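Given next are the chains, with one letter for each unit.
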Amino acid sequence: RLLLNTGAAVTYLPYLLKLRRTRLARTDTACDAVFFTDRISIETIPDSVRAEFPRIECVRMAQYMSLTAEDCRFLRELRRKTPFRFYFNLKNMLKIAMVSGVLQMYAPKAVIAYWEASPTTSVATMYCQAHGVEHIGIMHGDRDFSLQLTFFRYSRYYVWDTDYRDLLLSLRCEPTQFHVELPEAVRLPGYDAGCEKQYDYTFYLNGESEASLRRASRVCKLLNEQGARIAVRPHPSETGFSYETFFPSADIHWGSEMSLDQSLSITRYAIGKYSTVLYQAMVVGVPVVIDDYSIPGMYENLQENYFVPLKRPHRRVTELLPQLKEEDKTA
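Residue numbering note: each chain is counted from 1, following its sequence as written. Only residues with pLDDT of at least 70 are given local features in this predicted model, and only at 80 or more are side-chain atom pairs given and counted; all residues enter the totals for whole chains, interfaces and linings. Only heavy atoms go into the side-chain values, all of them from the structure, while hydrogens and water stay out.

**Q** Quick question: what am I supposed to make of the overall build of the protein here?
**A** Within the protein one finds 14 helices and 12 strands. Projecting the C-alpha coordinates of the protein onto the three principal axes gives extents of approximately 70 × 45 × 35 Å. The Shrake-Rupley method, run with a 1.4 Å probe, gives the accessible areas here. Residue values count only the displayed protein chains as cover. Summed over all atoms, the accessible surface of the protein reaches about 16,000 Å², with 52% contributed by carbon and sulfur. In the protein, which carries 40 positive and 39 negative side-chain charges, the distance between the mean positions of the two groups comes to 9 Å. In this text, helices come from DSSP runs of H or I with a minimum length of four residues, and strands from runs of E with a minimum of two, each type numbered from the N-terminal end. The convention is simple: Lys and Arg are positive, Asp and Glu are negative, and His and the chain ends are not counted. Charged side chains are reduced to one point each, which is NZ for Lys, CZ for Arg, CG for Asp and CD for Glu.

Here's what the structure looks like:
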């Protein structure tokens, strides 16, 4: 914390001067809302929001950044209230510069984002509403009990179901902001329930280490010995492992080659630890097996942290393969 605050104290003024000198011209693009996105598809925005704001411009985080004289007065007032929180003030300045940049460029009616885990979210909401713009938040992945999510406030925030709303209310987020709606990206409209099942189990990997892959490989081997057909789908952001080495008897399905809709359509069961895919599988009716073996203690930790898929019907890997528990006891 000391290093962050020291670095922020040193860099605040240079960034302020640079952003204050940056000038952005209004574009000719007709726009109802701006969506801040990096890798997240527009289908993550609920249908009702996309209908309300039919012309949505997608921009990358920090693609446009600028500060007006009015912005500087706004930031000065924030600094007055939190004079020694240099890192917090630096993050506020950068967030306001991003929002101000798109307001200058597009003059939208709403700003749509998914940065609820940032401590600057409520400040961005205050800033947007002061400019007559709605700040709309969307859930873009599974959530559990995390202090990063405490107290945030948007003009409105869309959750996938009431369990997520209750989770965020327990974290003391402002209650009137919540709306419940499943977006297209979670509903998976391309899922085909009548498709021939080519695999008995598909492993949806996420947050892997070499140790967890070795244990997942053991699960795969035992299921193969029972005659099961196995597929493995690595997380798109994890490309540093040789999955063919860990899973020699399984088919590897890369996200660039097969959509999630297709993957779930051709498997009987979805296996994962804490991936958003588990919730999506439940939505489309694919039975879920929670991997409580690859990372010891994770299942119990997820129970304590209100992981919503655990509240729904599911099986556990150690129920399918009880010998795994015995192996751990004798190891």
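Now that the structure is up, let's keep going.
**Q** Got a minute to help me understand the nonpolar core in this structure?
**A** Across soluble globular proteins, you tend to see nonpolar side chains buried next to one another. Counting 49 residues, the largest nonpolar core has Leu67 and Leu168 as the members making the most contacts within it. Of all the secondary structure elements, the ones that give two or more residues to this core are α1 (2–21), β1 (33–36), α3 (69–81), α4 (86–106), β3 (110–113), α5 (121–130), β5 (156–159) and α6 (162–170). Here the element with the most residues in this core is α4; it accounts for 11 residues. With residues near it in sequence (within four places) discarded, Leu168 still touches Leu149, Phe152, Tyr157, Val159, Cys173 and Phe178. In this description, a nonpolar core means a group of buried Ala, Val, Leu, Ile, Met, Phe, Trp, Tyr and Cys residues linked to one another through side-chain atoms lying within 4.5 Å. Between buried and exposed lies partly exposed: a residue is buried under 20% and exposed over 50% of the maximum accessible area for its type, with that area taken using a 1.4 Å probe on protein chains only. Contact between two residues is taken to exist if any of their heavy atoms lie within 4.5 Å; hydrogens are not considered.

**Q** Looking at this structure, how should I read the pairing of β3?
**A** The side chains of a regular strand alternate between the sheet's two faces. Burial along β3 is two-sided: the face carrying Ala110 and Ile112 and the face carrying Val111 and Ala113 are both buried. The pairing criterion for strands is at least two bridges between them, as found by DSSP. Bridge analysis of β1 against β3 gives 3 bridges, and the strand direction is parallel. Within β3, the residue paired with Ala33 across the bridge is Ala110. Of the pairings in the sheet, the one linking β3 to strand β4 (residues 134–138) comprises 4 bridges and is parallel in character. Opposite Val111, over in β4, you have His135 as the bridge partner. For a crossover, the right-handed case is the one in which the path from the first strand over the helix to the second runs clockwise, viewed with the strands pointing away from the viewer. Each parallel crossover has a hand, and the one from β3 via α5 to β4 is right-handed.

**Q** Teacher, can you tell me more about the packing of aromatic side chains here?
**A** Two numbers describe a pair of aromatic rings. These are the distance of the centres and the angle of the planes. Side-chain rings of Phe, Tyr and Trp, where Trp is taken by its six-membered ring, are said to pair if the distance between their centres is within 6.5 Å; with planes under 30 degrees apart they count as stacked, over 60 as edge-to-face, and otherwise as tilted. Under the definition given, this model contains 16 aromatic pairs. Seen from their ring centres, Tyr157 and Phe178 are 6.0 Å apart, and the 85 degrees between their planes marks the pair as edge-to-face. Of this pair, Tyr157 sits in strand β5 while Phe178 sits in strand β6 (residues 178–180); the two residues are 21 residues apart in sequence, bridging distant segments of the chain. Classification of Tyr157 by relative accessible area gives buried; the value is 1%. Consider the rings of Tyr201 and Tyr269, whose centres lie 5.3 Å apart with planes at 25 degrees: the pair is stacked. Taken as a pair, Tyr201 in strand β7 (residues 199–204) and Tyr269 in strand β10 (residues 267–272) lie far apart in primary sequence, 68 residues in all. Among the aromatic residues, ring-to-ring pairing joins Phe152, Tyr154, Tyr157 and Phe178 into one connected group. As a reminder, the over-ring test applies to NZ of lysine and CZ of arginine, requiring each to be within 6 Å of the ring centre and within 35 degrees of the ring normal. Sitting over the face of the ring of Phe88, Arg85 holds its NZ or CZ atom 4.3 Å from the ring centroid.

**Q** It is not clear to me how the pairing of β4 should be interpreted in this structure. Could you clarify?
**A** Burial of β4 is extensive: 4 of the 5 residues sit out of reach of the surface. Inspection of the sheet shows β4 paired to β5 by 3 bridges, in the parallel sense. Among the inter-strand pairings, Gly137 is bridged to a residue of β5, identified as Tyr157.

**Q** Sorry, what's going on with the sheet that holds β6 here?
**A** What holds strands together in a sheet is hydrogen bonding between their backbones, with the strands either parallel or antiparallel. Spatial ordering of the open sheet is given by β2-β1-β3-β4-β5-β6, a layout of 6 strands whose pairing is parallel. Looking along the sheet, the strands with just one partner apiece sit at the ends: β2 (56–59) and β6. Averaged over all pairs of adjacent strands, the angle between strand axes in this sheet comes to 25 degrees, irrespective of strand direction. Here β1 pairs with β2 via 4 bridges, running parallel. Pairing of Ala33 across the sheet is with Ile56, part of β2. As a rule, the C-alpha atoms of each element are fitted with a line to give its axis, helices using only the stretch in contact, and angles between N-to-C directions run from 0 to 180 degrees. Strand contacts of α6: β5 and β6, with the helix running at about 160 degrees to β6, the strand carrying the most contacts.

**Q** Is there a simple way to explain α4 in this structure?
**A** Every α-helix winds through 3.6 residues per turn, so residues three or four apart in the chain are directed the same way. Take the residue count of a helix, subtract one, and multiply by 1.5 Å to get its expected span. Counted at 1.5 Å a residue, the expected span for α4 with its 21 residues is 30 Å, and the 30 Å between its end C-alpha atoms agrees. α4 sits mainly inside the fold: 17 of its 21 residues count as buried. Once α4 ends, the next one or two residues include Ala107, with phi positive near 50 degrees.

**Q** Looking at this structure, how should I read the environment of Thr150?
**A** Looking at the secondary structure, you find Thr150 in the loop between β4 and β5. Put simply, Thr150 and Glu174 are 24 residues apart on the chain and 9.4 Å apart in space, counted from C-alpha to C-alpha. Once residues lying within four places of it in the same chain are set aside, the contact partners of Thr150 are Leu171 and Cys173. Engagement of the side chain of Thr150 in a polar contact is seen with the backbone oxygen of Leu147, the distance being 2.9 Å. We define a polar contact as two N or O atoms separated by no more than 3.5 Å, with the added condition that, inside protein, one atom must be a possible hydrogen donor and the other a possible acceptor, whereas residues neighbouring each other in sequence contribute only through side-chain atom pairs.

**Q** Explanation requested: the environment of His235 in the structure shown.
**A** Examined against the element boundaries, His235 turns out to sit in the loop between β8 (230–233) and α9 (243–246). Taking C-alpha positions, His235 is 13 Å from Thr202, a pair spaced 33 residues apart along the chain. For His235, the residues in contact, after removing those within four places along its chain, are Leu205 and Asn206.

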